[in-house]
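This is what each chain is made of:
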Amino acid sequence: MQMNDFKLECYFGKYEFTAPYLLTQSDCEAMSTGELLALEPEAQEEFMNQWLGYTETWGDPELRKLIAKLYQNMTDEDVLAFHGAQEAIFGYMNVMLGEGDHMIAMYPNYQSAYEVANSIPNCECSKWYIRDKGTHWEMDFDELEALIKPNTKLIAITSPNNPTGYTFTNDEIKRLCAICKKHDLYLFSDEVYKGLELEGEKRDWMADHYDKCASLGVMSKAYGLAGLRVGWLVSKDHETLEKVVKFKHYMSICNSAPSEFLAKVALKHGEKLLERNRQIIRENIKQVDKFFDRYPQIFEKKAITCGPVAYHKLLLDMPVKDFCQMAVEKKGVLLLPSEIYDMEDQYFRMGYGRKNVPESLAKFEEFLIEEKFV
Ligand SMILES: Cc1ncc(COP(=O)(O)O)c(C=O)c1O
């Protein structure tokens, strides 16, 4: 199997641990092991006694119960745990797609959603574009239906979306599931940013609405615990989960025991962690909005209603790739240009989930002034 480079990871590989001002991160502010354990009175002692043997491939039984409880209609048997979300995407796409299959991916999207399809001979992926409507992004369900072919096997969506932040409403979730049901399609729903609704209704998990949907969740993003590397797929479609678990036998086999312990503590206090991170994002939005209001001539700001990222437009007459390169080289401010998402347009991704966003924003502003963009 020949995979194309993962552009985002290659870019991050260069700058993520060297650039001091990370203004594009999609994970929320992390915390120390001590801070997390402080949420639960006996947890510290229990953690010291955590057995360091192999764990169950499907995931720790109590962890699976806690994950199932996030959903309306799921039990622990509907949960398969993974070493992060990336492993789950790779495993799912590998077992679901083969030669001659067609899939549809929401676009732009996290690269792994469609890259396995690109690596399989004669496997085709069509793009369901998120449309730029000036101040916000929109999806057209008629466009989706028009993309469906006789050999379409699955649709892959990411909501809240990376990089645009576009998030399906609960009505749209039902509409999407109805389309999949009508055409008997599998639905892969990457919901790693779920739980960060900043306004409007709390979103349902897609798998609660459609049996052939697999919902992807993780501790990395909305909970801000990327270092745990604990993710999950939840689905009523056990036939698919059984196939994916056999693929997992060739990947991580099982999760790390200390990580599963810490993930359980975090999920027991999940709402508290989510509210902490929503609060950080809300405060950052206020600062970022003021920043964009000062420079309407060079940026077109997109609204952010859910999740930690937004995808804004650069109005300058220079490639956004060069602009982002200059920002990181001159001032250590990291942004992600649309080239990373295989797009020629002039967008860049901004992340709102870190506590130091105001500091990074100030550096970004210094960059604009010093380089005479404003
Ligand atoms: C939409 C989306 N899905 C999955 C992942 C992978 O998550 P993890 O790092 O937990 O494996 C990411 C990471 O950036 C992401 O943005």
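Remember, predicted model here, so these are calculated numbers, not experimental data.

Q: What exactly am I supposed to notice about the overall build of the protein chain here?
A: Across its full length, the protein chain carries 13 helices and 15 strands. A compact globule built from 374 residues would reach a C-alpha radius of gyration of about 21 Å, and the protein chain, at 20 Å, matches this within 12%. With respect to the principal axes defined by its C-alpha atoms, the protein chain has extents near 60 × 55 × 40 Å. Among the 374 residues that make up the protein chain, the fraction classed as buried is 58%.

Q: Quick question: what am I supposed to make of the site of the ligand here?
A: The full set close to the ligand counts 15 residues, and Asn162, Asp190, Tyr193, Ser220 and Lys221 are the nearest of them. The contact in question runs from an oxygen atom of the ligand to an N or O atom on the side chain of Asn162, over 2.8 Å. For the ligand, whose free accessible area comes to 390 Å², the fraction covered by protein is 93%. Looking at the shell around the ligand, its residues break down into 6 nonpolar, 6 polar and 3 charged.

Q: Mind showing me how you'd approach the pattern of salt bridges here?
A: Opposite charge on two side chains permits pairing when their charged atoms draw close. Evaluated as defined, the whole model comprises 21 salt bridges. Here Glu124 makes a salt bridge to Lys149, at a shortest N to O gap of 2.7 Å. Here Glu124, found in strand 4 (residues 124-129), pairs with Lys149, found in the loop between helix 7 (141-147) and strand 7 (152-158); they are 25 residues apart in sequence, far enough to count as distant. Of the residues examined, Glu124 reaches a relative accessible area of 35% and is grouped as partly exposed. Given the relative accessible area of 31%, Lys149 is considered partly exposed. Put simply, Asp60, Glu62, Lys264 and Lys268 are held in one network by salt bridges that share partners.

Q: Could you clarify how one ought to interpret the UniProt feature "domain: Aminotransferase class I/classII large" (unreviewed entry) in the protein chain in this entry?
A: In the UniProt entry, the feature "domain: Aminotransferase class I/classII large" (unreviewed entry) is given for residues 45-352. Annotated as residues 45-352, this span is 37% helix and 20% strand, and its ends, taken at the C-alpha atoms, are 34 Å apart.

Q: Help me understand the packing of aromatic side chains in this model?
A: To describe a pair of aromatic rings, you give the distance between the ring centres and the angle between the ring planes. By the definition in use, this model includes 30 aromatic pairs. Between Phe141 and Phe168, the ring centres sit 6.1 Å apart and the planes meet at 55 degrees, which makes this aromatic pair tilted. Of the two residues, Phe141 is situated in helix 7 and Phe168 in the loop between strand 7 and helix 8 (170-182); the sequence distance between them amounts to 27 residues. On the accessibility criterion, Phe141 (4% relative accessible area) is buried. Judged by relative accessible area, Phe168 falls into the buried class, the value being 0%. Connected via pairs of aromatic rings, a cluster forms that spans Phe291, Phe292, Tyr295, Phe299, Phe323, Phe348, Phe364, Phe367 and Phe373. Just above the ring of Tyr107 sits the side chain of Lys127; from NZ or CZ to the centre is 4.5 Å.

Q: Before we go on, may I ask you to explain the side chain of Asn170 in this structure?
A: Mapped onto the fold, Asn170 is located in helix 8. The residues touching Asn170, leaving out its near neighbours within four places in the chain, are Glu201, Lys202, Arg203 and Asp204.

Q: What am I meant to see in helix 10 (residues 257-268) here?
A: Counting along an α-helix, one turn takes 3.6 residues, and residues three or four places apart therefore face a common direction. An ideal rise of 1.5 Å per residue puts 16 Å on 12 residues; helix 10 measures up with 17 Å between its terminal C-alpha atoms. Counting buried positions along helix 10 gives 10 out of 12 residues, so the element sits mostly inside the fold. All of the buried residues along helix 10 are Ala257, Ser259, Glu260, Phe261, Leu262, Ala263, Lys264, Val265, Ala266 and Leu267. Of the surrounding secondary structure, the elements contacted by the buried residues of helix 10 are helix 2 (33-37), helix 3 (43-48), helix 4 (61-68), strand 2 (79-83), strand 10 (230-234) and helix 11 (270-294).

Q: Before we go on, may I ask you to explain the side chain of Gln111 in this structure?
A: Checked against the element boundaries, Gln111 lands in the loop between strand 3 (102-107) and helix 6 (112-119). According to the relative accessible area criterion, Gln111 is buried, its value standing at 5%. At 2.8 Å, the side chain of Gln111 and the backbone oxygen of Asp5 are in polar contact. The contacts of Gln111, once residues within four sequence positions are left out, are Asp5, Phe6, Lys7 and Leu8.

Q: Just checking my understanding: could you explain the environment of Val265 for this structure?
A: Here Val265 is to be found in helix 10. For Val265, a relative accessible area of 4% corresponds to the buried category. Note: C-alpha distance between Val265 and Leu39 (226 residues apart in sequence) is 7.7 Å. Val265 has contacts with Leu36, Glu40 and Ala43, leaving out every residue within four places of it along the chain.

Q: Help me understand the sheet that holds strand 15 (residues 347-351), please; the structure alone is not making it clear to me.
A: The strands making up a sheet are joined through hydrogen bonds of the backbone, oriented either antiparallel or parallel. Pairing within the open sheet is antiparallel, and its 4 strands lie in the order 11-12-15-14. Each edge of the open sheet carries a strand with a single partner, namely strand 11 (299-300) and strand 14 (336-337). In this structure, strand 14 lies alongside strand 15, joined through 2 bridges in antiparallel fashion. By the bridge assignment for strand 15, Leu336 is matched with Arg349. Helix 11 rests against strand 11, strand 12 (309-314) and strand 15 of the sheet, and its axis sits at about 150 degrees to strand 15.

Q: Honestly, unusual backbone geometry in this entry has me stumped. Any pointers?
A: As a rule of thumb, non-glycine residues mostly have phi less than zero, and peptide bonds are mostly trans rather than cis. At the junction of Tyr107 and Pro108, the peptide bond is cis and its omega measures out at 5 degrees in the coordinates. Considering the arrangement of structural elements, one finds Pro108 in the loop between strand 3 and helix 6. The linkage connecting Ser159 with the following residue, Pro160, adopts the cis geometry, with an omega of -5 degrees. Assignment of secondary structure puts Pro160 in the loop between strand 7 and helix 8. One non-glycine residue with positive phi stands out, namely Ile253, at about 70 degrees. Structurally, Ile253 can be placed in the loop between helix 9 (238-248) and helix 10.

Cut-off values and rules
- Per chain, the residues get numbers from 1 upward, laid out in the order the sequence is written.
- In keeping with the model being predicted, local features are shown solely for residues with a pLDDT of at least 70 and side-chain atom pairs are shown and tallied solely at 80 or more, while totals for entire chains, interfaces and linings include all residues.
- Based on all heavy atoms of the structure, the side-chain values leave hydrogens and waters out of the count.
- Secondary structure elements follow DSSP: runs of H or I no shorter than four residues count as helices, runs of E no shorter than two count as strands, and numbering proceeds from the N terminus.
- Throughout, radius of gyration means the C-alpha value; the globule benchmark is 2.2 Å times the number of residues raised to the power 0.38.
- Here's how the labels work: a residue is buried when its accessible area is under 20% of the maximum for its type, exposed when over 50%, partly exposed in between, all with a 1.4 Å probe on protein chains only.
- We call a residue near a molecule or strand when any one of its heavy atoms sits within 4 Å of it.
- Residues adjacent in sequence count toward polar contacts only when both atoms are side-chain atoms; beyond that, a polar contact is any pair of N or O atoms within 3.5 Å, and within protein one must be able to donate a hydrogen and the other to accept it.
- In this description, accessible areas are obtained by the Shrake-Rupley approach with a 1.4 Å probe, and a residue is regarded as covered only by the protein chains that are shown.
- Following the grouping adopted for this structure description, the nonpolar residues are Ala, Val, Leu, Ile, Met, Phe, Trp, Tyr, Cys and Pro, the charged ones are Asp, Glu, Lys and Arg, and the polar ones are all others, Gly among them.
- When a carboxyl oxygen of Asp or Glu lies within 4 Å of a side-chain nitrogen of Lys or Arg, that pair is called a salt bridge.
- UniProt positions are given in the numbering used here, feature names are shortened, and annotations may be inferred rather than shown by experiment.
- Think of it this way: a Phe, Tyr or Trp ring, Trp meaning its six-membered ring, pairs with another when their centres are within 6.5 Å, and the plane angle makes it stacked under 30 degrees, edge-to-face over 60, tilted otherwise.
- In this scheme, the term charge over a ring applies when either NZ of a lysine or CZ of an arginine sits within 6 Å of the ring centre and within 35 degrees of the ring normal.
- Two residues form a contact once any of their heavy atoms are found within 4.5 Å.
- Each helix should span, by expectation, one fewer than its residue count multiplied by 1.5 Å.
- Two strands qualify as a pair provided DSSP detects at least 2 bridges between them.
- Interaxial angles span 0 to 180 degrees and are taken between N-to-C directions of axes, which are lines fitted to C-alpha atoms, for helices over the stretch in contact.

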